[in-house]
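Chain and residue survey
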Amino acid sequence: MKMDSAAVEIDGSVMEGGGQILRVSAALSCITGSAIKIMKIRAGRSTPGLRPQHLTGLQLLSDLCSGSLQGASIGSTDISLTPGKVRSGNHTADTQTAGSVCLLLQAALPCALYADAASQLLLKGGTNAEMAPQIDYTVKVFKPVVEKFGVHFDCDIRMRGYYPKGGGEVVVTAQPLKELQPVSMTDRGNITKIHGRAFVAGVLPFKLAKDMSAAAVRTIRKEIKELYINIQAVQEKEKAYGNGNGIIIIAESSTGCLFAGSALGKKGVYADKVGIEAAEMLLRNLRHNGCVDEFLQDQLIIFMALAKGTSRIRTGAVTLHTQTAIHIAEQLTQAKFTITKSEDELSSGVTYIIECQGSGVVNPNL
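Residues numbered from 1 in each chain as written. Predicted model: local features only at pLDDT ≥ 70, side-chain atom pairs only at ≥ 80, totals over all residues. Heavy atoms only, no water.

Going by the annotation in an unreviewed UniProt entry, the name recorded for the protein chain is RNA 3'-terminal phosphate cyclase, with Xiphophorus maculatus given as the source organism. Taken from UniProt, the Sequence similarities (unreviewed entry) comment for the protein chain reads in full: "Belongs to the RNA 3'-terminal cyclase family. Type 1 subfamily." Per UniProt, the protein chain has the following entry under Catalytic activity (unreviewed entry): "a 3'-end 3'-phospho-ribonucleotide-RNA + ATP = a 3'-end 2',3'-cyclophospho-ribonucleotide-RNA + AMP + diphosphate". (UniProt positions renumbered as here; feature names shortened; annotations may be inferred.)

Shown next as structure tokens:
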């Protein structure tokens, strides 16, 4: 155990100032063995301090790294984590709300890679929840791209859960690795395939799924005429708890880049509107000609920072989440990031290359 005096102090209110700062700093603390003290957590949010989901995530990370966690309670704005050794085996985290299992995974997966053997994470909460990736995004977009870094994990969706009840359950099995490999994604190529899934669960009528799908297809067709677009309408059966509806649409490119647009239904919002929202989000992420969408961008920063060697990723506009992740990664690792603007004659927009000299953290437990 490190002495508390050596704790790295992190300002939880800087830049994006949300739960992401907690996830990235706690994960890097576990992996690097540096104690951290995070202050002013979510200071600018309408409900400042830790929410149930953040608390569950921190407890899971502390459990993963045999750590000691101080100040971790709902509403707390200051916590400290002193990590121990990363432990493999079974770990459970239950938000007991519709808190996102995908955000729990975002924090826990990097740590599990630095264990001495496989880890099994049982994550409970919302699988398709607002303000977070949907589990379909995690499996269809995030997973294939992080696997390029040498990561291997499986994700078994046992039960889907929606806002406000939650009740979803996902089992993630992660394999440890010696070190992460750098990744280069700078050439998008052409979009070759667009497919998706529009779902209803619980008491909601199947017609909603068909309407979301049809509206999304119509919207994409206006801009992309040459591709067959297949968005399946699905009625979730026994593997769903509570009521919900939503849609995710995925585009694949000739060079293996993946992009998504998604939306969830809310009370009083027409199904068409949900479909159109997801389609427009996808189109927006295809126009810039970058290799990742605006959501994957920040999720890759921690992997770039830990990898051994130089990673390069072409993106559209760099998000505040991404800038925040870079700021934290540079504070807690030896990684060095540079962002270069690159004018592109092909697309109307500007793209950026995020380059990282990774810190090459080697797994001490393997």
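The rest of the description comes next.
Across all of its chains, the model carries 16 salt bridges by this definition. For Arg 87, the salt bridge identified is with Asp 63, shortest N-O distance 2.5 Å. In this pair, Arg 87 sits in the loop between strand E4 (79–82) and strand E5 (89–94) while Asp 63 sits in helix H2 (residues 52–64), placing the two residues 24 residues apart along the sequence. For Arg 197, the salt bridge is made with Glu 236, and the minimal N-O distance between the two is 2.8 Å. In this pair, Arg 197 sits in strand E10 (residues 191–201) while Glu 236 sits in the loop between strand E11 (229–235) and strand E12 (240–241), placing the two residues 39 residues apart along the sequence. For the pair Arg 197 and Glu 236, one class covers both residues: buried. Connected via shared salt-bridge partners are Asp 136, Arg 160, Arg 197 and Glu 236. (Salt bridge = Lys/Arg side-chain N within 4 Å of Asp/Glu carboxyl O. Helix = DSSP H or I, 4+ residues; strand = E, 2+ residues; numbered from the N terminus. Buried < 20%, exposed > 50% of the residue type's maximum accessible area, 1.4 Å probe, protein only.)

Okay, the domain arrangement of the protein chain next. Each domain of the protein chain was delimited in the assignment, giving domain 1 (8–185 + 292–359) and domain 2 (191–287). Measuring from the centre of the C-alpha atoms in domain 1 to the corresponding centre in domain 2 gives 25 Å. With 27 residues of domain 1 at the interface, the matching set in domain 2 holds 28 residues. Of the roughly 2,100 Å² buried where domain 1 meets domain 2, counting both sides, 58% is carbon and sulfur surface. Counting the surface domain 1 buries against domain 2, the share from its top three residues, Gln 134, Arg 160 and Tyr 162, is 26%. The interface formed by domain 1 and domain 2 includes four salt bridges. (Domains from an automatic or database assignment. Contact = heavy atoms within 4.5 Å. Buried area = accessible area lost by both parts, 1.4 Å probe.)

Turning to the packing of aromatic side chains, a few remarks are in order. Evaluation of the coordinates by the stated rule reveals four aromatic pairs. Pairing Phe 142 with Phe 303 gives two aromatic rings, centres 6.1 Å apart and planes at 55°, and the pair type is tilted. Here Phe 142 is found in helix H4 (residues 135–146), whereas its partner Phe 303 is found in helix H7 (residues 296–306), with 161 residues between them in sequence. Centre to centre, the rings of Phe 149 and Phe 303 are 5.8 Å apart; their planes meet at 35°, and the pair counts as tilted. One end of the pair, Phe 149, is in the loop between H4 and strand E7 (153–161); the other, Phe 303, is in helix H7, and 154 residues separate them in sequence. Judged by its relative accessible area of 0%, Phe 149 falls in the buried class. Over the ring of Phe 153 we find Lys 143; its NZ or CZ atom is 5.6 Å from the centre of that ring. In this structure, Lys 165 is placed above the aromatic ring of Tyr 241, and the distance from its NZ or CZ to the ring centre is 5.4 Å. (Phe/Tyr/Trp six-rings, centres within 6.5 Å; stacked < 30°, edge-to-face > 60°. Lys NZ or Arg CZ within 6 Å of the ring centre and 35° of its normal.)

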